[in-house]
Amino acid sequence: MQLVIRRYRPSDKDTVLSLFSVTTLGLIQPCFKMAILSPLYIAITLALCVAGYLLGALLGAVVLPGAWVGLIYCCCHAIYSGYLRNKLKTDMQDIPGNFLSRPDDCYWVAEAEVEGNAKIVGMVAVVGKQSGDEQYGELFRMSVSPTCRRMGIGVRLTETVFDFCKERGFSAVVLSTSSPTQAAVALYKKLGFSLVPYDNKSSAYSWILMLARVTVFRMKKQL
């Protein structure tokens, strides 16, 4: 696949927002699957089946575990649909203003020829930040089209961020991701990222994250 990584253009907005929406909502299903198939939740589901049967015969054996499974799915859905709504109303509403207005920030798209037409198949952003004496880049909005995964696009986008941050003199690249993005976490580790301490207990979604068994990771790579 012939891949071109270039800076975001205003004309890309609709395609970029669509890709961001698809990839974010695409995390609901793996999130739900990881949670409901965990040994603890399997045990809870079976216990509710037995309790429901004892309390209300066959109907109870269906209703109680069904309500439990529905609750877990709603939590998984709330996490990612809520995140998407928030970002579409805030920084993704004005990509040039939020990601391209300073020399230490940038937003790229990965463009490939698909069926004879140039198509955006991935994207990533970086924002320059400072903590004490350390200047670093924070990676945001990594997204790759579901139909174009396992083709090295994520690697190319991440390496583009590395090169940019080195040019800016940053000492590290950091990012946040969540446990359902297993392939992305594995990729980041392969590219030299390691987990760093991160306290997310203050999140307004903390109880929903707990029920959905979602862990938010903070990762860092020294340059």
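Residues numbered from 1 in each chain as written. Predicted model: local features only at pLDDT ≥ 70, side-chain atom pairs only at ≥ 80, totals over all residues. Heavy atoms only, no water.

*Asks:* Can you help me understand the packing of aromatic side chains in this one?
*Replies:* Aromatic ring pairs are defined here through the distance separating the ring centres and the angle between the ring planes. Considering all chains together, one arrives at eight aromatic pairs under this definition. Look at phenylalanine 20 and tyrosine 83: their rings are 6.3 Å apart centre to centre, the planes differ by 55°, and that puts the pair in the tilted class. Pair noted here: phenylalanine 20 is in helix 1 (residues 13-25) and tyrosine 83 is in helix 3 (residues 39-89), with a separation of 63 residues, a long-range link. On the accessibility criterion, tyrosine 83 (34% relative accessible area) is partly exposed. Between phenylalanine 99 and tyrosine 107, the aromatic rings sit 5.3 Å apart at their centres with planes inclined by 70°, giving edge-to-face as the arrangement. (Phe/Tyr/Trp six-rings, centres within 6.5 Å; stacked < 30°, edge-to-face > 60°. Helix = DSSP H or I, 4+ residues; strand = E, 2+ residues; numbered from the N terminus. Buried < 20%, exposed > 50% of the residue type's maximum accessible area, 1.4 Å probe, protein only.)

*Asks:* Would you take a moment to explain unusual backbone geometry for this structure?
*Replies:* Among all residues except glycine, the phi angle is most often negative; among peptide bonds, the trans geometry is most common. The backbone of arginine 150 sits at a positive phi, close to 60°, despite the residue not being glycine. Summarising the element assignment, arginine 150 is placed in the loop between strand 4 (134-144) and helix 5 (153-167). At arginine 213, a position not held by glycine, the phi torsion is positive, near 55°. Here arginine 213 shows up in the loop between helix 7 (206-211) and strand 7 (216-222).

*Asks:* What should I look at first to understand the nonpolar core in this one?
*Replies:* The nonpolar side chains of a soluble globular protein tend to be buried with one another. Residues Val16, Met92, Tyr107, Met123, Ile153 and Val161 are the most contacted members of the largest nonpolar core, which totals 41 residues. Every element with two or more residues in this core is listed here: helix 1, helix 4 (95-99), strand 2 (106-114), strand 3 (117-131), strand 4, helix 5, strand 5 (172-178) and helix 6 (182-190). The contact partners of methionine 123, leaving out residues within four places of it in the chain, are Val16, Leu19, Phe20, Met92, Tyr107, Trp108, Val109, Ala110, Arg141, Met142, Ser143 and Leu157. (Core = buried A, V, L, I, M, F, W, Y, C linked by side-chain atoms within 4.5 Å. Contact = heavy atoms within 4.5 Å.)

*Asks:* Mind showing me how you'd approach the pairing of strand 7 here?
*Replies:* Regular strands show a simple pattern: their side chains alternate between the two faces of the sheet. Where strand 5 and strand 7 come together, seven bridges link them in antiparallel fashion. When the sheet's bridge partners are listed, serine 178 is paired in strand 7 with valine 216. By the bridge criterion, three bridges tie strand 6 (residues 194-196) to strand 7 in an arrangement that is antiparallel. Note that in strand 7 the partner of leucine 195 across the bridge is methionine 219. (Pairing = 2+ DSSP bridges.)

*Asks:* Teacher, can you tell me more about the pattern of salt bridges here?
*Replies:* Opposite charge on two side chains allows them to pair when their charged atoms are near. For the coordinates displayed, the defined rule picks out eight salt bridges. Linking arginine 6 and aspartate 12 is a salt bridge whose minimum nitrogen-to-oxygen distance equals 2.8 Å. Relative accessible area serves as the criterion here: at 10%, arginine 6 is assigned to the buried category. Relative accessible area serves as the criterion here: at 5%, aspartate 12 is assigned to the buried category. Because the salt bridges share partners, they merge into one network encompassing Arg6, Asp12 and Glu111. (Salt bridge = Lys/Arg side-chain N within 4 Å of Asp/Glu carboxyl O.)

*Asks:* Just checking my understanding: could you explain the pairing of strand 3 for this structure?
*Replies:* By the bridge criterion, nine bridges tie strand 2 to strand 3 in an arrangement that is antiparallel. Within the sheet, the bridge partner assigned to cysteine 106 lies in strand 3 and is valine 126. Where strand 2 folds back onto strand 3 in an antiparallel hairpin, the turn is made up of two residues, including glutamate 115, whose phi is positive at roughly 55°. Pairing of strand 3 with strand 4 involves nine bridges; the strand directions are antiparallel. Looking at strand 4, one finds that glutamine 130 is bridged to glutamine 135. With antiparallel pairing between neighbouring strands as the criterion, strand 3 and strand 4 make up a hairpin whose turn holds two residues, including glycine 132 at a positive phi of roughly 65°.

*Asks:* When you look at the confidence of the model for the protein chain in this model, what are you seeing that I'm missing?
*Replies:* Where the model shows low pLDDT, its predicted coordinates should not be examined in detail. Mean pLDDT over the protein chain: 90, with 95% of residues reaching 70 or higher. Model confidence for the protein chain, summarised as mean pLDDT per element, is weakest for helix 7 at 87 and strongest for helix 1 at 96. (pLDDT = per-residue confidence, 0-100.)

*Asks:* I'm lost on the side chain of arginine 141 in this one. Help?
*Replies:* Take arginine 141: it is sitting in strand 4. The buried category is assigned to arginine 141, whose relative accessible area is 7%. Side-chain polar atoms of arginine 141 contact the side chain of tyrosine 83, separated by 3.0 Å. Within the local environment of arginine 141, its side chain forms a polar contact with the side chain of aspartate 91, the two groups lying 2.5 Å apart. (Polar contact = N/O pair within 3.5 Å; in protein donor to acceptor, adjacent residues only side chain to side chain.)

*Asks:* Got a minute to help me understand helix 2 (residues 28-36) in this structure?
*Replies:* For the α-helix, the turn length of 3.6 residues means that residues three or four positions removed from each other point alike. Taken together, the buried positions of helix 2 are occupied by Ile28, Cys31, Phe32, Ala35 and Ile36. Viewed along the axis of helix 2, the buried residues span an arc of 115°, placing them on a single side of the element. (Arc of directions from axis to C-beta.)

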